[in-house]
Every structure is written in C-alpha cells, then in structure tokens.
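Report on the structure
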Amino acid sequence: MSISLADKVIIITGASSGIGAATALACSAAGMPVLISGRNEERLASVAQQIEAQGRPVKMVLGDITEPDLSQRLLDTAQQHFGGFYAVFANAGVALDQPLYRMGMEEVRRHFDINFFSSTDLIIRAAQRLIAASQSGHLLSCSSCVAKFTLPGHGVYSATKAAQNHVSRALGMELQDRDIYVSSVMPITTRTDLFSTAATQRGLDGSKHKLPKHAPRFFVQTPERVARAIVKCLRSPRPEVWTSLTVKLSAAFLTLAPRFADAVLRRSATDWKDDQ
Ligand SMILES: NC(=O)c1ccc[n+]([C@@H]2O[C@H](COP(=O)([O-])OP(=O)(O)OC[C@H]3O[C@@H](n4cnc5c(N)ncnc54)[C@H](OP(=O)(O)O)[C@@H]3O)[C@@H](O)[C@H]2O)c1
C-alpha cells in the first residue's frame, strides 16, 4: 500500500530547526501543505520561505508547546486555513543530560511537560477531531531509540521518550479499525541543536556540546535522513520508524540483558561529568 500525500495537510511542531524543519521540507516536497509551529519566529519564517519556494502552501503558528491552548490553536488554524488536516507530527522536544540525584522535581516535571504531556495532548485532540469527522489520518510523535533503553544522565529524557512511544503504540491499536495510523519516530543520534541547547541550559558552552560524547560517530545521522524515513512512513504506515537496524537490534538485545546493558552503557554517557 502506498498512500498518496499530494494535498494532504500536515501539522508539525518544533519545525523551526532540526528534525522538524527537515520533515517540514520533505513533506512539502512530497506535495503536502504544511502548518509549522515553534517559538523562534526568525527560524520558523526561514523554513516557511523554503516551503513557499517549493511552491507549497505553508502556515506558521508561533507558540510554546506547553501553553494549554496551543494544540487547539494548531488544529483550529489548520481548519481555518487549510480546511482541516491529515497528519500531525508532534516533534517539539528538549534533551536533558543530568544525573537524577542532581535534579529537582520541577525540572523532571518541566521535561515531561514539554516532551510528553504537550505531544500527547496534541495527538489526543487530533485523534478526537479525526474520529468526529470520520476521517482517515496519521498521528506521529518523535520518540527516540532511548525509549527502549537508557543511559546515565538520560533517565528522565528516556522516560519521556518511552512514555511517548507507549501511548502511541496503544493509540495505534485503539484506532486500528478507523483508518487512523499512529507512529512513533525512533531517531538515533541526529546532528541538530538538541544537545547544544541542553548544554547551554546547564550553563555550559553549547558550541562545545554539539553532539553527546557517548554517541559513536558512525551512528550519527542527519535530520534529513529522519525526514525521509517519516515521509516513507506517511506513505506506508508502520508503528515505529527506525533509521538504524543495528540500533534497533541492539535495543532489543539490551532489553533482554539488563545487567550487560548497564555494564556497557554506564561507561558511555559522561557529558554531565563536565559540570563537576
Ligand atoms: N537529535 C537527536 O539526536 C534526537 C534523537 C532522538 C529523538 N530526538 C527528538 O527529536 C525531536 C526534535 O529535536 P531535534 O533533534 O530536531 O532538536 P532541535 O533542533 O533542538 O529542535 C527542537 C525543536 O523543538 C522546539 N521546541 C523546544 N521546546 C519547545 C517549546 N517549549 N515550545 C515549542 N517548541 C519547542 C524548538 O523550537 P523553538 O526553539 O522555535 O521553540 C525546535 O524547533 C525532539 O523531540 C527530540 O527529543 C532527537
């Protein structure tokens, strides 16, 4: 089965940079009108300009994903501007590289708020609208390969990503008979601003933390690679989008062997030690 994407509207959060921006451009190139959202107006406008240059309709919505009414606003704007939507990619997210014993609950909640509650709110509301309209659609959220295992300094981040993955998988099964597809995107380390932003927020020099030290360089991918895999999934839906078979198989093995996993992974992630 290959679904035609021509003129099917997609809403993408976190579209001002990285995976979201690359996906917005790839979807537009595949014929989809795009509603893009983020906080950084300048960067979002630059993505909008590139979409317009491809000759595709685009609409920008500025806002913080944790604003209680942002999901409604995104869906309402898609309705008013495009007459509805077909797909949603709940992608906005932040990383955190900090051992749990140094964190307060406020920080834990903030990360769940951005990565989990906000994306879940958007996916649920989008599902409700598709159901009410008896319409087909596709709901994607950006999880991570670390949804399947964790690393020191990444407990909370991987918990938010595992939570996203679980709700997507459950929702996918719940909507199976309604022609509404649900997918979790499971990127491996991707060359974006995610890590430098996280380092800057910890008071470090973000330019020295463009990628995590633990990531083997041969596993580092471009956001365009993730974007291509997402377009492929929109055409041919599946529950999870992986861009590395090696990491997918390793994740399965690490789940089967937790003692081995901890022995290997505890040495690998040490970026937060720079703060000491
Ligand atoms: N890079 C990786 O290695 C990797 C691996 C696995 C999964 N992921 C996931 O991929 C997704 C995208 O991240 P990325 O790697 O592309 O990093 P990025 O370039 O830093 O993009 C993050 C996006 O999220 C938006 N965002 C962050 N906080 C927001 C908030 N409070 N409200 C609204 N928008 C917000 C940012 O937009 P504004 O600043 O304009 O608001 C930006 O567009 C995230 O969910 C991340 O967890 C990344």
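Scroll up to find the structure this text is about.
The present account deals with the structure reproduced in this document. (Residues numbered from 1 in each chain as written. Predicted model: local features only at pLDDT ≥ 70, side-chain atom pairs only at ≥ 80, totals over all residues. Heavy atoms only, no water.)

Positive phi values are uncommon outside glycine, yet Asp 7 reaches one of about 65 degrees. Positionally, Asp 7 belongs in the segment before strand S1 (10-12). Notably, Ser 134 is not glycine yet its phi reads approximately 45 degrees, a positive angle. Considering the arrangement of structural elements, one finds Ser 134 in the loop between helix H4 (105-132) and strand S5 (137-142). Residue classification places Ser 134 among the exposed residues on the basis of a relative accessible area of 70%. (Helix = DSSP H or I, 4+ residues; strand = E, 2+ residues; numbered from the N terminus. Buried < 20%, exposed > 50% of the residue type's maximum accessible area, 1.4 Å probe, protein only.)

Before going further, it helps to examine the sheet that holds strand S2 (residues 34-38). Strands sit in the order S3-S2-S1-S4-S5-S6-S7 across an open sheet of seven strands; the sheet is parallel. Unpaired on one side and paired on the other, strand S3 (58-62) and strand S7 (240-242) mark the two borders of the sheet. Along the sheet, successive strands turn relative to each other by an average axial angle of 20 degrees, direction set aside. For S2 and S3, the ladder comprises five bridges, and the chain directions are parallel. The residue of S3 that forms the bridge with Val 34 is Val 58. Sheet strands touched by helix H2 (residues 41-53): S2 and S3. Its angle to S3, the strand with the most contacts, is close to 170 degrees. Helix H3 (residues 70-82) contacts S1, S2 and S3 of the sheet and is inclined by roughly 155 degrees relative to S3. (Pairing = 2+ DSSP bridges. Axes fitted to C-alpha atoms, helices over the stretch in contact; angles between N-to-C directions. Contact = heavy atoms within 4.5 Å.)

Turning next to a nonpolar patch on the surface. A surface patch of nonpolar side chains, amounting to about 280 Å² of accessible area, comprises Phe 253, Phe 260 and Val 264. Mapped onto the secondary structure, Phe 260 falls in helix H9 (residues 258-265). With relative accessibility at 44%, the residue Phe 260 sits in the partly exposed group. (Patch = residues over 30% accessible without salt bridge, like charges linked within 9 Å, V, L, I, M, F, W, Y side chains within 5 Å. Areas by Shrake-Rupley, 256 points an atom, 1.4 Å probe, with all protein chains shown as cover. Salt bridge = Lys/Arg side-chain N within 4 Å of Asp/Glu carboxyl O.)

So yeah, pure geometry; function would need other evidence.
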